[in-house]
Each structure stands twice: as structure tokens, then as C-alpha cells.
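The lines below spell out each chain.
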Amino acid sequence: MSRAQISGCGVPLVRNNVDTDQIIPARFCYKAQRVGHADSLFGNWRQDPSFVLNDARYAGNAILVAGREFATGSSREYAVWAIKDYGFKVVIAESFGDIFYKNAILNDVLPLKTTEQGVETLWEILGRDPQASIHIDLDKETIMIEDHVLPAIMDEHFKRKYILNLDDIAQTLEEIESIKAFESSRNRHLATTVHRGV
Amino acid sequence: MAKTLHEKIWQAHCVKTLGEAEDLIYIDMHLLHEINTPQAFDSLRAANRTVRRPDLTVATVDHNTPTSSIALLEGDELRSNQIDLLRDNSAEFGIPFHMLGEAGQGITHVIAPEQGLVLPGTTVVCCDSHTTTHGAFAALAFGIGTSQVEHVLATQTLRLQKFKSFRITVKNSLPAGVSAKDLALAIIRRIGTGGGIGHVIEYAGEAIHSLSMEARMTLCNMSVEGGASAGIIGVDDVTIDYLRKVYAAKGRPLTEEDVEGWRSFVSDPDAVFDKEIVIDAAALDESVTWGTNPSQSITFDESIPAVSDYEDASQQLAAERAFEYMDLQPGQTLRDLSINKVFVGSCTNGRIEDLRVVAGVLEGHKVHPDVHLLIVPGSVQVRDQAIREGLDEIFHAAGADFRPLPGCSLCCGLNEDQMKAGQRSVSTSNRNFEGRQGAGARTHIASPAVAAASAIIGRIARPSDLEAWGKAE
């Protein structure tokens with residue numbers, strides 16, 4: 001199956017404005033690695049036995065469905081690392097914080113937008129049927145659940161980036177001659193931190 | 001064709017257009033701190049890559065560092081490890097590193113401007129969302145994740161999609177006592193926490209140009225709380241005067257050639273923005289957040305809204321959660337709320353001008369016995385300046401806890417300064433998120449003047465409340 005088609009079960013996070021301080025509170029951001037953050041995901045909220053991640057019916061489900069403005073706030077990439085380590089491959093939300101959105105794609109977690117109605121539909125179905133199957137098709141731009149076909153919103157640029165999953169740095173280093181040419185014409189009076197530092 | 005300010009900077013930094021949607025953008029200044037960088041250096045080494053421009057990179061410690069004594073790091077393996085990693089990584093790749101307490105150290109967004117590293121028309125990035133601060137200097141400045149840090153270290157560029165533009169024109173002037181922080185809170189209340197997503201907000205209008213550089217930094221800093229990718233303000237005489245002073249103090253006076261080029265870093269008069277709003281500064285008042293996101297704020301003349309006051313279902317849901325977390329009832333006013341803690345500091349309001357405002361309110365008063373007033377300077381330079389001006393004596397006489405070491409401190413609760421569950425603070429920082437200042441801690445975001453008045457009265461208050469309060473006491 002191509003990377004444009006993803007299927008799995010979902011976890012309804014019935015909240016809006018879930019900022020990155022909730023996804024992984026700062027005091028959990030102490031490991032100097034990109035992995036090992038699964039237990040820190042929603043670190044404070046998981047103390048509450050009724051929190052959805054503590055509901056065994058959703059264990060192992062790989063698609064997180066949140067509301068509006070998911071992961072705004074702090075730039076901490078730990079938020080994506082924790083989501084990925086926990087086992088989520090996709091986050092569906094009505095909108096995302098800018099920095100998180102890019103962090104997610106760079107870490108091969110799919111940040112997928114849908115409409116407010118799409119989120120409501122997913123929350124409603126997942127709330128009553130934790131094993132409901134979700135089928136995402138990025139080519140057709142659809143999210144299918146039961147007999148609903150919901151919009152999968154992602155601009156072509158980011159869709160292609162996600163599907164190809166290329167190494168950004170390696171690609172940019174292929175442009176090194178352009179970077180050198182730019183540097184040679186750069187204003188020499190600009191601030192530096194060493195040598196000519198003020 | 002007429003261009004906005006950020007489009008001019010973008011074009012001047014476009015190394016190459018990559019396909020239809022992406023440009024390769026050169027980065028003039030890269031700031032690093034200890035929390036979000038070790039993974040980037042590890043990946044760099046694993047791929048056998050190096051740091052392309054250590055001379056355009058600077059590292060400092062700020063997020064997890066103690067503010068009362070450096071000795072607190074002894075035996076604290078987790079925090080020491082993050083600091084040691086940044087120091088060692090910086091040494092390995094030749095990046096200047098500012099160790100805790102040394103001259104030049106402080107919060108990234110406080111030290112970079114005071115060292116003259118942020119110039120008009122440049123691009124600035126940092127692994128921190130409040131990088132938006134530097135837009136005050138007509139720089140295109142925004143926060144990035146760790147993977148993008150690695151990209152900048154290796155290439156001194158980023159692959160970026162164009163931002164959209166959003167102009168907020170603030171007409172007339174702010175009433176006396178109403179600060180840039182109040183303006184920021186009013187703007188976020190109006191546009192919402194997602195109103196700026198994908199956009200660079202350009203602040204324009206007479207109220208903006210009458211702000212000091214410190215106040216502009218406060219305003220641009222909070223842009224990200226409205227969801228914006230960046231905030232930016234065009235160059236004027238205030239920008240240039242500030243930079244002249246910074247460079248003169250460092251012994252390298254600016255040349256007229258330096259300065260004249262900067263004057264072009266304003267939006268063209270007929271530039272078209274994707275989004276525009278106008279705000280009347282004269283109608284604004286001191287504001288404080290009551291809820292758990294920065295858009296939930298009220299003035300002293302208002303009361304905490306009811307759920308039914310919000311038309312939008314998602315805002316209703318957010319308000320309900322906020323009442324519960326903050327232990328509040330609709331109808332209460334700010335002055336009804338007793339507090340345990342006041343925090344003055346952070347990249348939002350930890351500069352010398354902020355400390356002067358706080359000292360001005362505190363002078364001749366005592367901090368309320370139920371309140372701990374924590375004042376953390378934004379940098380070593382801010383601390384030293386405060387001491388030169390005698391502000392430290394005012395703080396001590398009032399019973400405030402003025403810390404000797406700079407850092408983010410109680411803004412993000414990563415060092416020893418954390419609040420206990422159920423405690424209530426007034427903070428000059430930027431985020432009132434659940435758990436931000438400690439699990440279960442309740443945060444009210446406000447200006448330095450409101451923070452100082454609240455510390456004296458023991459309830460949320462503003463300086464003009466002090467007279468009536470003094471008589472009642």
C-alpha cells in the first residue's frame with residue numbers, strides 16, 4: 001500500500017486548544033534523545049483515570065482525533081516525539097499550530113486537517129465504537145469512517161513531502177553551490193557572533 | 001509591485017526557489033538553548049555533517065537554569081546534563097556559548113537584541129516559539145523545531161513555504177498606564193489563539209510607533225499566542241536610536257551607511273495584506289487573563305464571562321474547562337481574586353524597562369504577607385543595569401525576591417521555581433496554559449505594573465487601586 005493510504009482505529013481527544021504544554025508538559029522534556037517519550041504524552045492529564053488514553057478500549061489505536069488549534073504554543077519537538085513514541089501515526093484536527101505541523105511532517109507523523117463537522121463526526125463515532133475503522137486516502141483527499149466520507153485537507157506541497165518522506169537536509173545540501181553563491185554576495189556588515197562580533 | 005515588509009526580507013533571503021511551494025531561505029542569526037538542541041547535534045554527528053556557520057550561531061542556557069544559586073545544579077543530573085550537552089556541542093563546533101551567570105548570558109530573546117545580533121531586514125530563528133520577539137527590529141524571526149535546528153546548523157538555510165500577511169493597525173495612542181502587554185492581550189482576545197496561524201502579523205499605526213523597543217519586543221513576543229508565525233514592525237527612528245546605543249556601548253558605532261539601508265525595511269504604502277484589522281488604542285485598558293489560554297482576558301471594569309456569552313461552541317467548551325481548572329465563577333471580577341505568587345520576568349517582560357515599572361509601583365510599599373513576589377532579570381546585563389539604577393534596593397525594601405541569575409524561571413516551570421497545585425499567580429510571562437507554572441497551578445497573565453500592584457494588595461489589582469487601598473488599610 002502506498003503511503004497515501006492509511007487505515008487504523010482512532011482515539012477521540014474531545015478538546016480544542018490542546019497546546020504543546022498539555023501534550024508534553026515542560027518538566028517531561030528532559031531526555032536528550034528523540035525517543036523514549038511515550039510515557040510523557042499528556043503527562044499531567046494521564047494522572048486522571050478517566051482520561052481517554054487510560055481507557056483500555058482505545059489501546060493500540062494509531063489515529064488521534066483532536067479539535068481546533070491542536071498543538072499551538074511552545075515549539076518543543078518533544079510533542080511530536082511523544083505522540084510518535086506512544087504509537088500514533090496520524091493526528092486529525094481542525095487546525096494545527098504552525099511549528100508543530102512542520103515538526104510532525106519531519107518526523108513522519110501525518111498531521112491531517114478536516115472540517116469542524118468532520119471532527120464532530122469522528123468524535124461521535126469513536127465515542128460509541130472504539131474499534132471503528134478509519135480509512136485515509138491522501139490521493140482522494142478523503143477520510144472514511146462507517147458510511148461517512150469526510151474531507152482530508154492537506155496542501156499538495158505538504159502532502160508530497162509526507163508521501164515521499166525525503167531527507168530534507170540531504171536535499172538542501174545538494175543546493176550547496178547556490179548557498180555559497182548567496183553567501184558570497186551577502187552584506188559583510190551583518191552581525192556575527194564570533195570574529196567580527198560587536 | 002508593492003511589497004510588505006516580510007516579503008522584502010523573504011525575497012532578499014531567497015537562495016533558490018525549490019519547486020512550486022517552497023523557497024530555500026538564508027538564515028542570518030541562529031539562537032540555541034539547552035532544551036531543544038541536543039537531539040539536533042546528535043543527528044548532525046550521526047550523519048557526519050558539521051555546523052556551516054558557527055559565526056552566525058549563538059548558544060545560551062536559560063530554560064532549566066537556577067536563578068537563586070548556581071550551586072543548585074550540583075547533584076541535579078538531568079538539568080546539568082542538558083547544560084553540559086549544549087556547552088560541549090558548542091565547543092565541538094566552535095559556537096559561542098554563554099554559561100549561566102557569565103556576562104552575556106540570559107534568556108535568548110533578551111540577550112540577542114542587547115548584543116546587537118538582531119538587525120533590520122535580517123532573518124532570525126531559534127528553537128523557541130517566542131523568537132517572534134525579534135520582529136520588533138523589522139527582522140523576520142520565528143520559532144522552529146529541533147529537526148529544523150539541525151537543518152539550519154547543517155545548511156544555514158530553511159526550506160519554507162511563504163507566510164501569509166496580516167496587518168494590525170493600532171490607531172491613536174494608548175491611554176496612560178496601558179502598556180504593550182495590555183495591547184497584546186487585547187489583540188489576542190480579538191483575533192483568538194488561532195487568528196494568526198500561517199501569518200506574519202505586521203503591527204502598524206501611530207500607537208505602535210510611539211512604543212519603545214522594549215515594548216515592541218513585548219508585543220511581537222506575544223504574536224505567537226495569537227497563533228502567528230511571526231510578528232514584525234517596520235523600521236523607524238526608535239529602532240535606529242536603539243541600535244545606535246547598543247553598538248556605541250559595544251565600541252563599534254554604526255555608520256550612516258549601515259543605518260540608511262535599514263530605512264527601506266518598511267512595508268510599501270500600497271502593499272496588499274491577506275488580512276487586516278484596525279484597533280483603536282484609545283479604547284483599550286489594562287487587561288488580565290482569567291482563563292487557560294491567552295485569549296481569555298478581561299479588563300478591571302468587566303466580570304468573568306458566562307459560557308453563554310460565547311457564541312462559538314469551541315470557545316464555550318474552552319471556557320467551561322477554564323472555570324473548573326482556574327476555580328472561578330462567571331460574574332467574579334479580577335479584584336475578587338486573591339493570589340499567592342507574583343512573577344516578574346520572562347522573554348515577554350524581563351527587560352530593564354519592565355523592572356523599572358515594577359520598582360516604580362513598589363517604591364514605598366511592602367509586598368503583601370501572603371504573596372511571594374519573584375523578580376527574575378532577563379539577562380546578566382539587565383540585572384547589572386537594575387543594580388546600577390538602585391532598583392534592587394527598592395525590591396529588597398519591599399520584600400521582593402530579586403534573583404541574582406537570569407533565566408526563564410517560573411514562566412515555564414523547568415527550574416526550581418514552580419508553583420504548587422491550587423496556587424494562583426499573576427505573571428508577566430506569556431502563557432496561562434494548564435500546568436505551565438506547575439501541575440495544577442493557576443496563572444493570570446498581566447503587565448508588569450499590574451503584577452506589582454497585585455503583589456502589594458494581595459489580590460489582582462492595578463496601580464490606580466493603590467490609593468484607595470492605602471486609605472482603607
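Chain B carries the name 3-isopropylmalate dehydratase large subunit in an unreviewed UniProt entry, which gives Tumebacillus lacus as its organism. The annotation that UniProt attaches to chain B under Function (unreviewed entry) is "Catalyzes the isomerization between 2-isopropylmalate and 3-isopropylmalate, via the formation of 2-isopropylmaleate." You can read under Pathway (unreviewed entry) in the UniProt record for chain B the words "Amino-acid biosynthesis; L-leucine biosynthesis; L-leucine from 3-methyl-2-oxobutanoate: step 2/4."

If you look chain A up in an unreviewed UniProt entry, it shows as 3-isopropylmalate dehydratase small subunit from Tumebacillus lacus. Note on chain A: under the UniProt heading Subunit (unreviewed entry), the record states "Heterodimer of LeuC and LeuD." Quoted straight from UniProt, the Sequence similarities (unreviewed entry) entry for chain A says "Belongs to the LeuD family. LeuD type 1 subfamily."

Moving on to the overall build of chain A. Within chain A one finds seven helices and seven strands. Helices and strands in chain A line up, N terminus first, as β-α-β-α-β-α-β-α-β-β-β-α-α-α. C-alpha extents for chain A along the principal axes are approximately 65 × 40 × 25 Å. Within chain A, buried positions represent 59% of all 198 residues. Sequence-distant contacts in chain A: of pairs separated by 6 or more residues, those separated by 24 or more amount to 67%.

Bringing the packing of aromatic side chains into the picture now. The way to describe two aromatic rings as a pair is by their centre distance and the angle between their planes. Residues and elements named next belong to chain A. Here the structure, examined in full by the defined rule, presents 17 aromatic pairs over all chains. With a centroid separation of 6.2 Å and 5 degrees between ring planes, the pair formed by F96 and F100 is classed as stacked. A single burial state applies to F96 and to F100, both of which are buried. Centroid distance Y101 to F158: 5.2 Å. Interplanar angle 85 degrees. Geometry classified as edge-to-face.

In the numbering adopted here, UniProt assigns the feature "domain: Aconitase A/isopropylmalate dehydratase small subunit swivel" (unreviewed entry) to residues 6–116 of chain A. What you have in residues 6–116 of chain A is 21% helix and 16% strand, and the ends, taken at the C-alpha atoms, are 21 Å apart.

What follows covers the state of the cysteines. All names here are of chain B. Under the criterion given, the structure shown has zero disulfides over all chains. Distance from the sulfur of C126, which forms no disulfide, to the nearest cysteine sulfur (C127) is 4.3 Å. When its relative accessible area of 0% is taken as the criterion, C126 is described as buried. Take C127: its relative accessible area is 1%, and that puts it in the buried class.

Moving on to the side chain of B:T299. All names here are of chain B. Looking at where T299 falls in the secondary structure, it is placed in strand β14 (residues 297–299). Overall, T299 belongs to the buried group, its relative accessible area being 14%. Apart from the residues within four sequence positions on either side, T299 is in contact with R189, D285, E286, S287 and L334.

Next up on the list: the packing of helix α8 (residues 213–221) of chain B against helix α9 (residues 237–249) of chain B. Packed helix pairs are characterised by how far apart their axes lie and by the angle those axes make with each other. Residues and elements named next belong to chain B. It is the contact of α8 with α9, at a shortest axis distance of 10 Å, that shows an interaxial angle of 110 degrees. Between α8 and α9, the angle is such that the two are roughly perpendicular. Of α9, the residues touching α8 (which contributes M213, E214, R216 and M217) are V238, T239 and Y242. Considered class by class, the residues forming the contact of α8 with α9 number four nonpolar, one polar and two charged.

What follows deals with the interface of chain A and chain B. With 60 residues of chain A at the contact, the number on the chain B side is 82 residues. Contact between chain A and chain B buries roughly 5,700 Å² in total, counting both sides, with carbon and sulfur atoms accounting for 54%. Applying the counting rule to chain A against chain B returns ten salt bridges. For A:D21, the salt bridge identified is with B:R436, shortest N-O distance 2.9 Å.

All right, on to the sheet that holds strand β10 (residues 199–204) of chain B then. All names here are of chain B. Ordered by their spatial adjacency, four strands build an open sheet running β11-β10-β9-β12, and the pairing between neighbours is parallel. Of all strands in the sheet, those bounded by a partner on one side alone are β11 (230–232) and β12 (275–280). Strand-to-strand twist in this sheet, taken as the mean axis angle between neighbours without regard to direction, amounts to 20 degrees. For β10 and β11, the ladder comprises three bridges, and the chain directions are parallel. The residue bridging V200 from the neighbouring strand is A230, located in β11. Together, β9 (164–171), β10 and β12 form the strand contacts of helix α6 (residues 180–191), whose direction differs from that of β12 by roughly 130 degrees.

Residues and elements named next belong to chain B. Turning to its location among the elements, S379 is positioned in the loop between β16 (372–375) and α14 (380–388). Sequence-wise, S379 and Q423 are 44 residues apart; in three dimensions their C-alpha atoms are separated by 27 Å. In contact with S379, not counting residues within four places along its chain, are Q105, G106, V110, I111, E114 and P406. At 2.9 Å, the side chain of S379 forms a polar contact with the backbone nitrogen of V382.

Reading the values: rules and limits
Residues numbered from 1 in each chain as written. Chains lettered and ligands numbered in written order. Predicted model: local features only at pLDDT ≥ 70, side-chain atom pairs only at ≥ 80, totals over all residues. Heavy atoms only, no water. UniProt positions renumbered as here; feature names shortened; annotations may be inferred. Helix = DSSP H or I, 4+ residues; strand = E, 2+ residues; numbered from the N terminus. Buried < 20%, exposed > 50% of the residue type's maximum accessible area, 1.4 Å probe, protein only. Contact = heavy atoms within 4.5 Å. Phe/Tyr/Trp six-rings, centres within 6.5 Å; stacked < 30°, edge-to-face > 60°. Disulfide = S-S within 2.5 Å. Axes fitted to C-alpha atoms, helices over the stretch in contact; angles between N-to-C directions. Parallel < 35°, antiparallel > 145°, perpendicular 65-115°, else oblique. Nonpolar A, V, L, I, M, F, W, Y, C, P; charged D, E, K, R; others polar. Buried area = accessible area lost by both parts, 1.4 Å probe. Salt bridge = Lys/Arg side-chain N within 4 Å of Asp/Glu carboxyl O. Pairing = 2+ DSSP bridges. Polar contact = N/O pair within 3.5 Å; in protein donor to acceptor, adjacent residues only side chain to side chain.

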